[in-house]
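Per-entry structural report
Next come the chains, spelled out residue by residue.
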Amino acid sequence: MDKNEELLKRRKIIQVGGGKERIEKQHTAGKLTARERVNLLLDEGSFIEIDDHVKHRCTYFGLDKKTFPADGVVTGLGKIGGRNVAIFSQDFTVQGGSLGEMHAKKIAKIQDMAMKLGIPMISINDSGGARIQEGVDSLYGYGEIFYRNTLASGVIPQITVIAGPCAGGAVYSPAITDFVLMVDKTSKMFITGPEVIKAVTGENVTQELLGGAMVHNSKSGVAHFIAKNDEEVASMVKKLLSYIPSNNMEEPPFSEPVEVPLDESLNTIIPEDPHKPYDMMEVINRVIDPGTFFEVHSKFARSMVTGFAKINGHSVGIVANQPRVLAGVLDIDSSDKAARFIRFLDAFNMPIITFVDTPGFLPGTTQEYGGIIRHGAKLLYAYSEASVPKITIITHKAYGGAYIAMGSKHLGADLVLAWPSAEIAVMGPEGAANIVFRKEIKASSEPEKTRQEKIKEYADMFSNPYVAASRGYVDSVVFPSETRYYLVRALETFSSKAEGKPSKKHGNIPL
Ligand code: HXC
């Protein structure tokens, strides 16, 4: 056979992966193939495939008689929005996208390239996990990938798409990466499948209920985004990349600045009645560049809002209490959610804008037994450690430990602004009066009247931003409508921020 013909023949075999029938099965299941996903994500004509001729070398259980095109994973380099990325996409049509020795070596090679080039690593996972026939070589493979995920963490962004089943070891590489996007209905993540669970615990559970996209987006917090299908997930990855730099030495992408007029209506957004909530999303959307908010973890721990935005073209990260959900309380999950996002922002040179309206940490045995102390400490740690520009706006309640935890001056915020509606105190006036003036209230001939007087007394003293401002804990009190102006100016000014931290190998964040 002519040498060129041979290459052509080999290419054809590689391109069809597990064959027409399995591709059809993949399509019927509502999934694209590994190659279709790569083509959808990358700029047209930009893909350079690597290691397409790699073959497994396992001879156990009849594998010597089987060939797996590209060993079940498509790897290479390409561009998204004109920027270079490294990518792998597991091919479920080839032995269930299972991971053996050579499949893993391909992934490890592309991870190494991403690191050398300082470009984002995009992983598309659709795999039955460790290739069972290859035994310990599959486990070796996963270990090599996890190790590289960890070395790359904080150096290049690592973005994972879960586009099919991800069983066993297949879930841990995604879990180490920065963002996990799951496709609704077709994607699953679990350590042990329903059959094993049934055998061990007797529990009957479906794959969807065990590790479907909604479960991991809303309950476990393992996933940050949910997409309707493979097409939508591709556009979400592109959008995500438009906010973040390619590596930790780069500044995030800058967009065209936009003129936004002062929004006077913001001045009345906080309701007079302190028990009436408002939507923090409204506040966020009215101070950022219109339409640029991209929420992260939108279905998880919803008393906290996290997401990317642009302010006068600058890419920033937003961390905000959401008074509409549990009054904006800090609990185990919301602390974890914010802390992890803050660490991403800090690693990738993105300013942190914090909006505060929280009554405090959630009390109760569920939270205490679950380790709210340990989890809340992560938030304190993440804010304190972050050396990127930190700008905090206190819109309303900032009570107790939660005031400190939410990007306070004391944890190194560069600019803390408060709205006239801010209340900065150890706790709310009712709780405070009940404790501090207990004796007076009890001894009073009209206890309720005295209680109300004491509540007012405490509120008059602390339910405002001026005590904190008089100490310099708040840098200035501003009208809500002035917030955007201050943010724009602060982002320009703090871009030259350089803050030294004590040298150490690494800290010991309370995990
Ligand atoms: C080898 C596998 C495989 C695997 C699937 N296949 N998973 N081959 N090793 N892990 C093969 C199937 O035999 C089948 O081949 C083809 O891929 C398609 O799989 P189906 O079962 O037909 O597909 P589907 O019905 O959609 O089910 C998908 C699935 C299921 C849910 C992923 O295949 C499954 O449960 N697989 C095993 C999952 C698992 O237990 N993995 C190991 C985890 S242990 P044929 O030729 O018949 O079509 C692990 C340890 C690592 O990962 C720990 C590291 C920390």
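Residues numbered from 1 in each chain as written. Predicted model: local features only at pLDDT ≥ 70, side-chain atom pairs only at ≥ 80, totals over all residues. Heavy atoms only, no water.

Turning our eyes to something else, we now look at the overall build of the protein. Within the protein, the secondary structure is distributed over 20 helices and 16 strands. Since a compact globule built from 511 residues should have a radius of gyration of about 24 Å, the 26 Å found for the protein is in line with a globular shape. The C-alpha extent of the protein, read off along each of the three principal axes, is 100 × 55 × 45 Å. Expressed as a percentage of the 511 residues in the protein, the buried residues total 53%. The long-range fraction of contacts in the protein, counting pairs at least 24 apart against all pairs at least 6 apart in sequence, stands at 74%. A total of about 23900 Å² of accessible surface is found on the protein, and carbon and sulfur atoms cover 57% of it. When the 58 basic and 60 acidic side-chain charges of the protein are each reduced to a single mean position, those positions are 5 Å apart. (Helix = DSSP H or I, 4+ residues; strand = E, 2+ residues; numbered from the N terminus. Rg over C-alpha atoms; globule rule 2.2 N^0.38 Å. Buried < 20%, exposed > 50% of the residue type's maximum accessible area, 1.4 Å probe, protein only. Contact = heavy atoms within 4.5 Å. Areas by Shrake-Rupley, 256 points an atom, 1.4 Å probe, with all protein chains shown as cover. Lys, Arg positive; Asp, Glu negative; His and termini not counted. Charge placed at Lys NZ, Arg CZ, Asp CG, Glu CD.)

This brings us to the side chain of Lys378. Relative to the elements of secondary structure, Lys378 occurs in helix α14 (residues 372-385). Each residue touching Lys378, except ones within four places of it in the same chain, is listed here: Asp336, Ala339, Ile509, Pro510 and Leu511.

Structurally, Lys454 can be placed in helix α18 (residues 447-462). If near-sequence neighbours (up to four positions away) are discounted, Lys454 is found in contact with Ala433 and Phe437.

Right, let's talk about the packing of helix α4 (residues 101-117) against helix α5 (residues 136-152) for a bit. Contact geometry for α4 and α5: axes closest at 8 Å, N-to-C directions at 10°. Taken together, α4 and α5 sit at an angle that is classed as roughly parallel. The interaxial crossing formed by α4 with α5 has left-handed handedness. The segment α4 lies against α5, with Glu101, Ala104, Lys105, Ile107, Ala108, Gln111, Asp112 and Met115 engaging Asp137, Tyr140, Gly141, Glu144, Ile145, Arg148, Asn149, Leu151 and Ala152. (Axes fitted to C-alpha atoms, helices over the stretch in contact; angles between N-to-C directions. Parallel < 35°, antiparallel > 145°, perpendicular 65-115°, else oblique. Left-handed = near helix turned anticlockwise from the far one by under 90°.)

This brings us to the pairing of strand β11 (residues 314-321). With 7 of 8 residues buried, β11 is to be regarded as a mostly interior element. As judged from the 8 bridges shared by strand β10 (residues 304-311) and β11, these two strands associate in the antiparallel manner. Residue pairing for β11: Lys310 is matched across the bridge by Ser315. Hairpin geometry of β10 and β11 is characterised by an intervening segment of 2 residues between the two adjacent antiparallel strands and by a positive phi of about 50° at Asn312. In terms of strand pairing, β11 meets strand β12 (residues 352-358) through 4 bridges, oriented parallel. Counterpart to Ile318 in the pairing with β12 is Ile353. A crossover connection joins β11 to the parallel β12 through helix α12 (residues 332-347); in handedness this β-α-β unit is right-handed. (Pairing = 2+ DSSP bridges. Right-handed = clockwise from strand over helix to strand, strands pointing away.)

Moving on, we come to the layout of surface pockets. If you add up the space inside the second largest pocket, you get close to 580 Å³. Lining the second largest pocket are 24 residues, with Glu272, Pro274, His396, Glu423 and Ser463 sitting closest to its centre. Taken together, the residues that form the lining of the second largest pocket break down as 12 nonpolar, 7 polar and 5 charged. (1 Å grid on protein atoms, 1.4 Å probe; cavity = no way out; pocket = protein on both sides within 12 Å on 5 of 7 lines; lining within 4 Å. Points joined across faces, edges and corners; volume = space filled by probe spheres on them. Nonpolar A, V, L, I, M, F, W, Y, C, P; charged D, E, K, R; others polar.)

Along its 12 residues, helix α10 (residues 230-241) runs 17 Å from first to last C-alpha, staying within 8% of the 16 Å computed at 1.5 Å per residue. Here α10 has its buried residues at Asp230, Val233, Ala234, Met236, Val237, Leu240 and Leu241. The buried residues of α10 occupy an angular sector of 160° when the element is viewed end-on, so they sit on one face. Its side-chain oxygen at 3.2 Å from the backbone nitrogen of Glu231, Asn229 defines the N-terminal cap of α10. (Expected span 1.5 Å × (residues − 1). Arc of directions from axis to C-beta. Polar contact = N/O pair within 3.5 Å; in protein donor to acceptor, adjacent residues only side chain to side chain.)

Another point: the pairing of β12. Moving residue by residue along a regular strand, the side chains alternate between the two faces of the sheet. Among the 7 residues in β12, 7 count as buried, and that is most of the element. The alternating pattern of β12 places Ile352, Thr354, Val356 and Thr358 on one face and Ile353, Phe355 and Asp357 on the opposite face, and all of these are buried. For β12 and strand β13 (residues 390-399), the ladder comprises 6 bridges, and the chain directions are parallel. Looking at β13, one finds that Thr358 is bridged to Ala398.

Turning next to the pattern of salt bridges. Taken as a whole and assessed by the stated rule, the structure comprises 31 salt bridges. For Asp336, the salt bridge identified is with Lys378, shortest N-O distance 3.6 Å. Here Asp336 is found in helix α12, whereas its partner Lys378 is found in helix α14, with 42 residues between them in sequence. Across the pair Asp475 and Lys409 runs a salt bridge whose closest N-O atoms are separated by 2.7 Å. In this pair, Asp475 is assigned in the loop between α19 (466-471) and β16 (476-477) and Lys409 in the loop between α15 (400-405) and β14 (415-418), connecting sequence segments 66 residues apart. On the basis of relative accessible area, Lys409 is assigned to the partly exposed category, the value being 25%. Each member of the salt-bridge network shares a partner with another, and the members are Lys31, Arg37, Asp126 and Asp230. (Salt bridge = Lys/Arg side-chain N within 4 Å of Asp/Glu carboxyl O.)

This part takes up the site of the ligand. Near the ligand you find 19 residues, and of these Arg22, Gln95, Gly128, Ala130 and Gly169 are the closest. Residue Gln95 places a side-chain N or O atom 3.0 Å away from a nitrogen atom belonging to the ligand. Within the backbone of Gly128, a nitrogen or oxygen atom sits 2.6 Å from a nitrogen atom of the ligand. For the ligand, the protein covers 57% of the area, taking 1000 Å² as the surface of the free molecule. Elements represented by at least two residues in the shell around the ligand include exactly α5 and β5 (158-167). With 3 residues, the top contributor of residues to the shell around the ligand is α5. (Near = heavy atom within 4 Å.)

The subject of this paragraph is the packing of aromatic side chains. Inspection of the entire model under this criterion finds 13 aromatic pairs. Pairing Phe308 with Phe341 gives two aromatic rings, centres 5.2 Å apart and planes at 70°, and the pair type is edge-to-face. Placement of the pair is Phe308 in strand β10 and Phe341 in helix α12, with a sequence separation of 33 residues. Ring centres 6.1 Å apart and planes at 75° place the aromatic pair Phe308 and Phe344 in the edge-to-face group. In this pair, Phe308 is assigned in strand β10 and Phe344 in helix α12, connecting sequence segments 36 residues apart. Accessibility assignment for this pair places Phe308 and Phe344 in one class, buried. Members of the aromatic cluster, joined through ring pairs, are Phe179, Phe225, Tyr243, Phe294, Phe308, Phe341, Phe344 and Phe348. (Phe/Tyr/Trp six-rings, centres within 6.5 Å; stacked < 30°, edge-to-face > 60°.)

To continue, consider helix α20 (residues 483-493). Listed in full, the buried residues belonging to α20 are Thr483, Arg484, Leu487, Val488, Ala490 and Leu491. Looking at the buried side of α20, the elements it contacts are α11 (280-287), β10, β11, β12, β13 and β14.

So, on to the nonpolar core. Within the largest apolar cluster, 61 residues are counted, with the highest numbers of intra-cluster contacts made by Phe308, Val319, Ile342, Leu379 and Ile394. Look past the residues within four positions of Val319 in its chain and what remains in contact with it is Met304, Val305, Ala338, Phe341, Ile342, Ile352, Ile353, Thr354, Phe355, Tyr383 and Met406. By size, the runner-up hydrophobic cluster in this structure holds 29 residues, among which are Val283, Ile288, Phe293 and Val488. (Core = buried A, V, L, I, M, F, W, Y, C linked by side-chain atoms within 4.5 Å.)

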